[in-house]
Amino acid sequence: MRDLAGGFGHLLAGQRWVFRNGRWLGFGLLPGLLALVLYAGALVGLGYGADDLTAWATPFADGWGSPWLGLFRGFLTALVFCLGLFVAVITFTAVTLLIGQPFYESLSEQVDRSVGGDAPESGLPLARELWISARDSIKVLVRVLLYGILLFALGFIPVVGQTVIPAIGFCVSGFFLTEELTAVALQRREVELKDRLALLRGRRAMALGFGVPLVLAFLVPLVAVFLMPGAVAGATLMVRELRGEDEEQAAGDGAEEPDGAPQQGYPAQPYQQSPYQQSPYAAPQGGSAAPGPYAAGPQYPAPQQNPYAQQPPRHPGGGAAGGHGPASHPYR
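Summary of the structure given here. Throughout, residues of each chain are indexed from 1 in the direction in which the sequence is written. Totals for whole chains, interfaces and linings use every residue, but because this is a predicted model, local features are given only for residues with pLDDT of at least 70 and side-chain atom pairs only at 80 or more, for both listing and counting. Where side-chain values are given, they derive from all heavy atoms of the structure, hydrogens and water being excluded.

**Considering the overall build of the protein chain**
- Helix numbering and strand numbering both begin at the N terminus, where a helix is a DSSP run of H or I of at least 4 residues and a strand a DSSP run of E of at least 2. A tally of helices and strands in the protein chain yields ten helices and zero strands.
- Starting at the N terminus, the α and β elements of the protein chain follow one another as α-α-α-α-α-α-α-α-α-α.
- The long-range share in the protein chain, meaning contacts at least 24 apart out of those at least 6 apart in sequence, stands at 75%.
- Areas reported as accessible are Shrake-Rupley estimates using a 1.4 Å probe. Residue values count occlusion only from the protein chains shown. Within the structure as shown, the protein chain displays about 20,600 Å² of accessible surface, and the carbon and sulfur contribution to it stands at 64%. Throughout, a contact is declared for two residues whenever any of their heavy atoms are within 4.5 Å.

This is the structure we're talking about:
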């Protein structure tokens, strides 16, 4: 459920991004409008010709009586139109992306830059990119048609064909629609189709949470045109999560500086190893270099002996001159 909600969250985030950047929304409407005109004409033609198609495909029912012939062919006509609508929903994205390839690629790069990450570029010429996109879209379309034929056959099962099978059809459509939208960002990262499918299968719930709401919205006329730019932006955001690019960027921003290197934003400190450095005026230890002029402190003359501190000669009376003996004083 977390991945399911995460896919829907990326879809909403992409829509918010393009509405905050109105210039990209305006340019993104042009390819969608052109594709809408083409598909509207195709669906109108299918609606008018579906009766003839079912009558041509079921000649064995020509002899059936009323009302069984009308009910049978009417049911098949509705199924044919639903199958055409199913294919139109899937291929609409591919055709729109093919028409607006240069624009949607630039939009995807801008989304990458806006979140603070790198914007990978394929470096291929436009013609080569269009060829790769068309080739991969045809491969996806073949897969969709195979699933569509299988689901069409299962639709004849009573009850299950009218309840479970349509739900499975929406899930299949949502998955491949997500593949088409994420292909814009993944092709710039040089990820091949098989790897793209494997990446989405690994997070299938997220792919369905992104694609199934789009399939339901695309059933409403004109809605697909307005949602396409935001869908490309949201698919780019989802690709970043699927490939873990946001986590790598966060880890790179929070990485510690190597030992001994100053931290970013701060000047190199003078006391990297110890806050206490040996004084430049201290006497050298264990060396033979001559000390500085103040290494041993200020120099003073050697102290001289006091001349008056010498012992005076002794007098014949036995006392020392200047002493306190009985004969030492001259007037005694």
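**What to know about helix 2 (residues 22-57)**
- Expected helix span is computed as 1.5 Å times (number of residues minus one). The first and last C-alpha atoms of helix 2 sit 49 Å apart over 36 residues, in line with the 52 Å expected at 1.5 Å per residue.
- Remark: the principal bend of helix 2, roughly 50°, maps to Gly 49.
- Each element contacted by the buried residues of helix 2 is listed here: helix 1 (2-20), helix 3 (68-99), helix 4 (101-114) and helix 9 (223-242). Take the seven residues that end at a residue and the seven that start at it, fit an axis to each, and the angle between those axes is the bend at that residue.

**Some remarks on the packing of aromatic side chains**
- A pair of Phe, Tyr and Trp rings is counted when the ring centres sit within 6.5 Å of each other, with Trp represented by its six-membered ring. The angle between the planes then sorts it: under 30 degrees is stacked, over 60 is edge-to-face, the rest tilted. Enumeration according to the criterion identifies nine aromatic pairs in this entry.
- Summarising the aromatic geometry, the rings of Phe 60 and Trp 64 are spaced 6.2 Å apart at their centres and angled 65° between planes, so their arrangement reads as edge-to-face.
- When the ring of Phe 103 is compared with that of Tyr 104, the centres are 5.1 Å apart and the planes differ by 70°; the resulting orientation is edge-to-face.
- Partly exposed residues are those whose accessible area sits between 20% and 50% of the maximum for their type, while under 20% is buried and over 50% is exposed, using a 1.4 Å probe and protein chains only. Its relative accessible area of 16% is what places Phe 103 among the buried residues.
- Lying across the ring of Trp 24, Arg 23 places its NZ or CZ 4.7 Å from the centre.
- Ring-over charges, as used throughout, are those where CZ of Arg or NZ of Lys falls within 6 Å of the ring centre and within 35 degrees of the ring normal. Over the aromatic face of Phe 175 sits the side chain of Arg 204, whose NZ or CZ is 5.8 Å from the ring centroid.

**As for the environment of Phe 175**
- As for its position among the elements, Phe 175 is in helix 6 (residues 160-188).
- It is 9.6 Å that separates the C-alpha atoms of Phe 175 and Val 215, two residues lying 40 residues apart in sequence.
- Residues within four places of Phe 175 in sequence aside, it is in contact with Leu 197, Leu 200, Arg 201, Arg 204, Ala 207 and Leu 208.

**Considerations on the pattern of salt bridges**
- We define a salt bridge as a side-chain nitrogen of Lys or Arg found within 4 Å of a carboxyl oxygen belonging to Asp or Glu. Overall, the coordinates contain twelve salt bridges when judged by the stated rule.
- Through salt bridges with shared partners, a single network forms among Asp 112, Arg 188, Arg 189, Arg 240, Arg 243 and Glu 245.

**Concerning a positive patch on the surface**
- Side chains of Lys 139, Arg 143, Arg 201 and Arg 204 sit close together on the surface and give a patch of like positive charge.
- Note that Arg 201 resides in helix 7 (residues 193-202). Two distance rules govern patches: like charges are joined within 9 Å, and nonpolar side chains (Val, Leu, Ile, Met, Phe, Trp, Tyr) within 5 Å, applied only to residues with over 30% relative accessible area and no salt bridge. Under the convention used here, Asp and Glu are negative, Lys and Arg are positive, and both His and the chain ends fall outside the count. Just so you know, the charge point we use is NZ for Lys, CZ for Arg, CG for Asp and CD for Glu.

**Quick look at the side chain of Gln 15**
- Locating Gln 15 in the fold gives a position in helix 1.
- Residue classification places Gln 15 among the buried positions, given a relative accessible area of 11%.
- With sequence-adjacent residues up to four places away left out, Gln 15 is seen in contact with Phe 226, Leu 227, Gly 230 and Ala 231.

**Looking at the nonpolar core**
- Ranked by size, the top nonpolar core spans 49 residues in total, and within it Leu 107, Leu 181, Leu 214, Met 228 and Val 232 carry the most contacts.
- Ranked by the residues each element gives to this core, the list is headed by helix 9, at ten residues.
- Discounting chain neighbours no more than four positions away, the residues touching Leu 214 are Leu 11, Leu 177, Leu 181, Leu 227 and Ala 231. Only buried Ala, Val, Leu, Ile, Met, Phe, Trp, Tyr and Cys residues count toward a nonpolar core, and they belong to the same one when joined by side-chain atoms within 4.5 Å.

**Quick notes on the packing of helix 6 against helix 8 (residues 204-218)**
- Note on geometry: axes are C-alpha line fits, over the in-contact stretch for helices, and angles between N-to-C directions span 0 to 180 degrees. Contact pair helix 6 / helix 8: the axes reach a minimum separation of 7 Å and the direction vectors enclose 100°. Overall, the two elements helix 6 and helix 8 adopt an arrangement that is roughly perpendicular. On the side of helix 6, the interface is formed by Phe 170, Cys 171, Ser 173, Gly 174, Phe 175, Leu 177, Thr 178 and Leu 181, while helix 8 contributes Arg 204, Ala 207, Leu 208, Phe 210, Gly 211, Val 212, Leu 214, Val 215, Leu 216 and Phe 218.
- The residue classification treats Ala, Val, Leu, Ile, Met, Phe, Trp, Tyr, Cys and Pro as nonpolar and Asp, Glu, Lys and Arg as charged. All others, Gly included, are polar. A class-by-class count of the residues in the contact of helix 6 with helix 8 yields 13 nonpolar, four polar and one charged. Oblique is the label for every angle not falling under 35 degrees (roughly parallel), over 145 degrees (roughly antiparallel), or within 65 to 115 degrees (roughly perpendicular).

**Considering helix 7**
- Among the residues of helix 7, those classed as buried are Leu 193, Arg 196, Leu 197 and Leu 200. Looking down the long axis of helix 7, one finds its buried residues gathered within 95° of arc, a one-sided arrangement. Away from its buried face by more than 90 degrees, helix 7 exposes Lys 194 and Gly 202.
- Those residues of helix 7 that are buried are in contact with helix 5 (126-154), helix 6, helix 8 and helix 9. Note that the arc is defined by the directions from the helix axis to the C-beta atoms.

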